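Spelled out, the chains give:
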Amino acid sequence: MFKKAVEAKSHQRLSGADRKKLRRSIKDKFQRVSDSDLDALLPPKAEIAVAKFQNRVHVYAVEGGFPMFFDVDGRGSDIFPTVYALWIVPELLPAFVLKGGEVSRFVIGGADLMFPGITVPPEGLPSFRAGEPWAVKVPGNPAPIAVGSTTMSSDEALKAGLRGKALRITHYYRDLLWESAEGCYVPNAGFFEDVVFEDPSSLQASCDSDSTDVTGETSTDHQNNQKSDGVVESLDVNELQHDSASGLMSPDDGENGAATGVTESMADLKLPDTASGNDPNDQQTLSTADIDSLLDKCLLQALHTTVKDKDLPLPGSTLWSNHVLPCRPSGITLDIKKSSYKKLSKWLQAKSTSGLISVKEDKHKKEVMLFSVNRNHADYSSFKPEKRRVEKSEQPSVQSANEVRTSKTLEVAEIYKPSVHVNAIFSAVGADPGKLFSASEATDIVFTYVEKENLVKPTNKSIVILDALLCDSLYKGAIKKGTTYPTEIHKKDLGSSFVSRMQPHHVVTRGNESVVRKGALKTIQLLTERRQGNKKVTKLSGMESFLIDAEALASELQKKFACSTSVAELPDILMVICNELTY
């Protein structure tokens, strides 16, 4: 399920009611979980975030921590714990024990678990039903490496002679869900190093001398099948540098090579004594003064980088979620409730009192609105924004898959050509009226003109005063004779009004082929007719608007629906006819 990269549509915090609903669903789904186990997985005082993906999967994680549960269909009926959750509470799920490392190599590679690879205990195969969530473990180790759902019941498995597929794997160690967590936590750092460095000489080139000696001895003893007299102390995961961890986990040798390296030392995996490694509150303890200082720093960073004057006025909630929170340092949970202000509105009003920003409360929405930014303020002028480094750590396999998907993806975009009404505005700012512009680019043009002519109303920054040129561009020919022309317009209406005066076009791109057409995009027409009794004919037209070849589509539909197809020319269009196409 997490072999390929899927972009999340949204990230949001769970409300109190949703948190309770999630806990109830988990307790109903997993009978073995206790209240203390559930508190260890989902701490009561920690924020729980949900990421909603395009394939309907919902991933629940402790904010600033690791993913704990994922919902396959997003409806709360098919919830699974992640490997991180099973490392904290190993007995959350019943588990199949593998016969050996050869089997685990395939499981780590993403294959489903087959019955011949399972160790059957002396008392016989445990009882289970089809569709139950089960974990996968290696011999002699309590740390699960994968989770999935059974494909048949135990009775059906015995009747089949323990042949066939036992577990449909939904999530496994080192898949994309596991790697989505920052730091890619592993319960035992010694195991982490043994997995990556099988040769002690390569380990010596990348680690310090102390850790090299420890791991080298362990690797040598393992190769000679000798028992060590002493206990080897493993390194603390938190002591590993993030840069070295990201380098160690990069799958440069391919998926199969990584899987082989993992399974050779899988038996050395040990669980932590406590769940402190997953608690976001243990990452960094901040005092109230530190949180206040961090809030101010994130606000100044946002005002310098992402908050533009043309976007104002801006709701306080939008400022917080879209601008302030993304500016917080990595791994830090920023909670306004833990500051001295306690509320977002009080914090913004305090910044307004200092003169940095100007805010007002919207009486209708009952929300504080950011109206203007004083970019001459001493705090703003003295602050130097940080340059965010863009990390290109995408896996080669994921990158190539994205390239293939992009080459086949159909993209349709609305663009606009300047008309006689707005040509004067484009010429005034030095833009070429003969080019095509997107809606956002056209909006930037008109706001550039407003800034150039200083048309913002001094007493109300959200109002633009219309001069003769701008007024003609927006309203000439659109207002009846005898009606008074407006003298000002709100900022939020300026962009849309300006774009509506331009000529609409659209550009269609499929792979390397692209075409620009005038007017709005024409949709595909689908029509079904009945002929001679119960015989039906389905007609499709308008495919050429989306760069679809009619002959190729007819051939594909013929194979897909096992029907006869033909292509006929209509005035200005092509039509694909599918005979005897039933639904």
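Residues numbered from 1 in each chain as written. Predicted model: local features only at pLDDT ≥ 70, side-chain atom pairs only at ≥ 80, totals over all residues. Heavy atoms only, no water.

An unreviewed UniProt entry annotates the protein as Eukaryotic translation initiation factor 2D isoform X3 originating from Vigna radiata var. radiata.

### Some details on the overall build of the protein
What the protein contains, in helices and strands, is 21 helices and 22 strands. When the 583 residues of the protein are sorted by exposure, 39% land in the buried category. In the protein, of all internal contacts separated by at least 6 residues, the share reaching a separation of at least 24 is 59%. Within the structure as shown, the protein displays about 32700 Å² of accessible surface, and the carbon and sulfur contribution to it stands at 49%. (Helix = DSSP H or I, 4+ residues; strand = E, 2+ residues; numbered from the N terminus. Buried < 20%, exposed > 50% of the residue type's maximum accessible area, 1.4 Å probe, protein only. Contact = heavy atoms within 4.5 Å. Areas by Shrake-Rupley, 256 points an atom, 1.4 Å probe, with all protein chains shown as cover.)

### Topic: the sheet that holds strand β10 (residues 165-172)
Taken in spatial order, the five strands line up as β6-β8-β9-β10-β7 in an open sheet, and their pairing is mixed. With one partner strand each, in any of the chains shown, β6 (95-97) and β7 (113-114) form the two edges of the open sheet. Where strand β9 (residues 146-150) and β10 come together, five bridges link them in antiparallel fashion. Its bridge partner being in β10, Val147 is matched across the sheet by His171. (Pairing = 2+ DSSP bridges.)

### Notes on the nonpolar core
Generally speaking, soluble globular proteins have nonpolar side chains that are buried together. One finds Met68, Phe69, Phe70 and Leu113 to be the most contacted residues of the largest nonpolar core, which totals 61 residues. Here the element with the most residues in this core is helix α3 (residues 83-88); it accounts for five residues. Core analysis: the next-biggest nonpolar cluster, separate from the first, contains 30 residues, Leu295, Leu314, Tyr341 and Phe383 among them. (Core = buried A, V, L, I, M, F, W, Y, C linked by side-chain atoms within 4.5 Å.)

### A look at the packing of aromatic side chains
Applying the stated rule across the entire model yields 14 aromatic pairs. On the numbers, 5.0 Å between centres and 75 degrees between planes, the contact of Tyr173 with Trp178 is edge-to-face. Plain terms: the ring middles of Trp320 and Trp347 are 6.1 Å apart, the flat faces sit at 85 degrees to each other, and that makes the pair edge-to-face. With Trp320 in helix α13 (residues 316-324) and Trp347 in helix α14 (residues 344-353), this pair connects stretches of sequence that are 27 residues apart. By relative accessible area, which is 12% here, Trp320 ends up buried. A network of ring pairs unites the aromatic residues Phe66, Tyr84, Trp87, Tyr173 and Trp178 as a single cluster. (Phe/Tyr/Trp six-rings, centres within 6.5 Å; stacked < 30°, edge-to-face > 60°.)

### Details of the confidence of the model for the protein
Put simply, the protein has an average pLDDT of 76, and 76% of its residues get 70 or more. The low-confidence segment residues 273-283, where pLDDT is below 50, has 18 contacts with residues more than four positions distant or belonging to other chains. Predicted confidence is poor over residues 390-407, with pLDDT under 50, and the contacts of this stretch with residues over four places away or in other chains come to nine contacts. (pLDDT = per-residue confidence, 0-100.)

### Considering the sheet that holds strand β12 (residues 357-362)
Within the open sheet, the three strands sit side by side as β11-β13-β12. Their pairing is antiparallel. Of all the strands in the sheet, the pair left with one neighbour each is β11 (314-315) and β12. Here β12 pairs with strand β13 (residues 367-373) via six bridges, running antiparallel. Each bridged residue has a counterpart across the sheet, and for Ser358 the counterpart in β13 is Ser372.

### Considering the environment of Ser496
Position of Ser496 among the secondary structure elements: in helix α20 (residues 491-500). Linking Ser496 and Ser440, residues 56 residues apart in sequence, is a C-alpha distance of 9.6 Å.

### Re the side chain of Lys491
The residue Lys491 is located in helix α20 in this model. Here Lys491 occupies a buried position and makes no salt bridge, while the nearest side chain of opposite charge, Asp309, is found at 6.4 Å. The contacts of Lys491, once residues within four sequence positions are left out, are Asp309, Leu312, Phe447, Val456, Lys461, Ser462 and Val464. (Lys, Arg positive; Asp, Glu negative; His and termini not counted. Salt bridge = Lys/Arg side-chain N within 4 Å of Asp/Glu carboxyl O.)

### As for unusual backbone geometry
Within the chain, Arg174 stands out as a residue other than glycine whose phi angle is a positive 75 degrees. Among the residues examined, Arg174 registers a relative accessible area of 14% and is labelled buried. Phi at Lys342 takes a positive value of approximately 70 degrees, unusual for a residue other than glycine. Inspection of the secondary structure puts Lys342 in the loop between α13 and α14.

### Structural notes on α14
What α14 keeps buried is the set Trp347, Leu348 and Lys351. Each buried residue of α14 lies within a common arc of 95 degrees when the element is viewed along its axis, so the set occupies one face. Looking at the buried residues of α14, the elements they touch are α12 (288-305), α13, β12 and β13. In the segment just after α14, Gly355 is the residue with positive phi, at about 95 degrees. (Arc of directions from axis to C-beta.)

### Things to note about the pairing of strand β8 (residues 133-137)
One face of the sheet, then the other: side chains in a regular strand alternate in exactly this way. Burial analysis of β8 places five of its five residues in the buried class, which makes it a mostly covered element. Both faces of β8 are covered, namely the face carrying Pro133, Ala135 and Lys137 and the face carrying Trp134 and Val136. Across three bridges, β6 lies against β8 in parallel orientation. In the sheet register, Phe96 faces β8, and the bridge partner there is Val136. As judged from the four bridges shared by β8 and β9, these two strands associate in the antiparallel manner. Each bridged residue has a counterpart across the sheet, and for Val136 the counterpart in β9 is Ala146.

### A closer look at the pattern of salt bridges
All chains considered together, the criterion is met by 11 salt bridges. In this structure, Arg23 engages Asp39 in a salt bridge whose closest nitrogen and oxygen atoms are separated by 2.8 Å. Here Arg23 is found in helix α1 (residues 16-29), whereas its partner Asp39 is found in helix α2 (residues 35-41), with 16 residues between them in sequence. The shortest N-O distance in the salt bridge between Asp112 and Lys165 comes to 3.0 Å.

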